[in-house]
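Chain residues, written in single-letter form:
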Amino acid sequence: MQYKAYAAQSPTTPLAPTNIPRRQTGERDVAIEILYCGVCHSDLHAARGEWPGMRYPLVPGHEIIGRVTAIGASVSNHQVGDIVGVGCMVGSCRHCQSCDDGLEQYCEGPRGWQQTYNGWLDGSGENTYGGYADGITVDEHFVLKITHPESNLAAVAPLLCAGITTWSPLRHWKAGPGKKIGIVGIGGLGHMGIKLARAMGAHVVAFTTSPSKIQDARDLGADEVVVSRNSEEMATHTKSFDFILNTVAAPHDIDAFMILLKRDATMTMVGVPDSPHPSPGVANLIFQRRQLAGSLIGGIPETQEMLDFCAEHGITSHVEMIEMKDIELAFQRMQKSDVKYRFVIDMATI
Ligand code: NAP
Ligand code: ZN
Ligand code: ZN
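Residues numbered from 1 in each chain as written. Chains lettered and ligands numbered in written order. Predicted model: local features only at pLDDT ≥ 70, side-chain atom pairs only at ≥ 80, totals over all residues. Heavy atoms only, no water.

Time to look at the overall build of the protein. In terms of regular secondary structure, the protein is built from 10 helices and 19 strands. In terms of overall dimensions, the protein has C-alpha extents of about 60 × 40 × 40 Å along its principal axes. Of the contacts formed within the protein by residues at least 6 apart in sequence, a portion of 68% connects residues at least 24 apart. Between the mean site of the 29 positive side-chain charges and the mean site of the 38 negative ones, the protein shows a separation of 5 Å. (Helix = DSSP H or I, 4+ residues; strand = E, 2+ residues; numbered from the N terminus. Contact = heavy atoms within 4.5 Å. Lys, Arg positive; Asp, Glu negative; His and termini not counted. Charge placed at Lys NZ, Arg CZ, Asp CG, Glu CD.)

Here you go:
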């Protein structure tokens, strides 16, 4: 099967129209017409070859919302016509401890988890292609049910990566009533982090480098907003946080946030900058037994749990719709932190 797509042919070539092959709908497969795809900063890192191991042509996109057009003979969870989602993963070994635990993103199989784009393909050295395309075929285990109203599906797409990548650590480190939670960086991930932490009942403090986002952060649900470049403002929060989720996509001073943690508290990094952060000082860890951690997207069961929670609580992303041909402009704005707060591609425009 051939599909229309937008691909980078190398780290230095802009995304451009192309045609891509996908497998025939297999026994356990769901074939999906893609309606919307969110634009994650990871798409930009990957297309530009800012991370090692990228293979080209590279078709980004892992915040996919679409409609089922065909199902394989043994598919039981989805039907033709259903609205479904696909996130960052389309496969894993399904047998290891992490897969059994519903944490497929930490799959310990020989090939690890299969990424929606730039992932391994069965029986070849080729590359999976992502959601900047008009269709995709995915094993039913990795297809999520969408119960949000159909009137605003574009704003649901970013939940498939930005939503789950913030939900998973917020749940793991127990954000909730009585907890003071920091969210660093108000971009695609950060704005979802604010909404979700607030909905979980926590006291939410947003950290931004962009004073123009202060009011927005409050509107998104932050109880307090701190401009992180203002050291006096930062100092008023010393040793007060139960948990900080850091979503920043660029190298920066980690210590400025570590000292805001209480004794035994954790800061978890989810941003993956193209070059390392300056090394954090160990004294800030040692003297208050603080922890610095990382977290990768989220497993399929917790992604479904997050989607259902968001549908129940009326939570979606703040989106700016774009046409497929404007993706390079969107990337340029994303590089300048000028996104409010997630670009979503209307795939009817491909
Ligand atoms: P984004 O929309 O571009 O947001 C990143 C935000 O970081 C910006 O809006 C900005 O917020 C802040 N920022 C940017 N440059 C900064 C700098 N030099 N110093 C301090 N703050 C800065 O990106 P995103 O889509 O949310 O993704 C964020 C990162 O997470 C990316 O590296 C992405 O690849 C990664 N990611 C990781 C996972 C995972 O599983 N761990 C999953 C998805 C994405 P302010 O304007 O508020 O400062
Ligand atoms: Zn992503
Ligand atoms: Zn596995």
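Here we come to the domain arrangement of the protein. By the assigned domains, the protein splits into domain 1 (2-160 + 316-349) and domain 2 (163-294). On a C-alpha basis, the centres of domain 1 and domain 2 stand 27 Å from each other. Facing the 14 residues of domain 1 at the interface are 17 residues of domain 2. Together domain 1 and domain 2 conceal approximately 1,300 Å² of surface at their shared face, both sides included; 53% is due to carbon and sulfur atoms. The largest share of the area that domain 1 buries against domain 2 comes from Trp51, Leu159 and Tyr341, three residues that together contribute 37% of it. There are 0 salt bridges connecting domain 1 and domain 2. The interface formed by domain 1 and domain 2 holds 12 residue pairs in polar contact (both at pLDDT 80 or more) in total. (Domains from an automatic or database assignment. Buried area = accessible area lost by both parts, 1.4 Å probe. Salt bridge = Lys/Arg side-chain N within 4 Å of Asp/Glu carboxyl O. Polar contact = N/O pair within 3.5 Å; in protein donor to acceptor, adjacent residues only side chain to side chain.)

Looking at the zinc ion (ligand 2), the protein donor atoms are Cys40 (SG), His62 (NE2) and Cys161 (SG), and they sit 2.0 to 2.2 Å from it. In primary-sequence terms, the residues that donate to the zinc ion (ligand 2) follow C-x21-H-x98-C. In this pair, histidine 62 is assigned in the loop between helix H1 (41-47) and strand S4 (64-71) and cysteine 161 in the loop between strand S11 (144-145) and helix H3 (162-172), connecting sequence segments 99 residues apart. Residue histidine 62 is classed as buried on the basis of its relative accessible area of 7%. (Donors = N, O, S within 2.8 Å, 3.2 Å for Na, K, Ca; no water. Buried < 20%, exposed > 50% of the residue type's maximum accessible area, 1.4 Å probe, protein only.)

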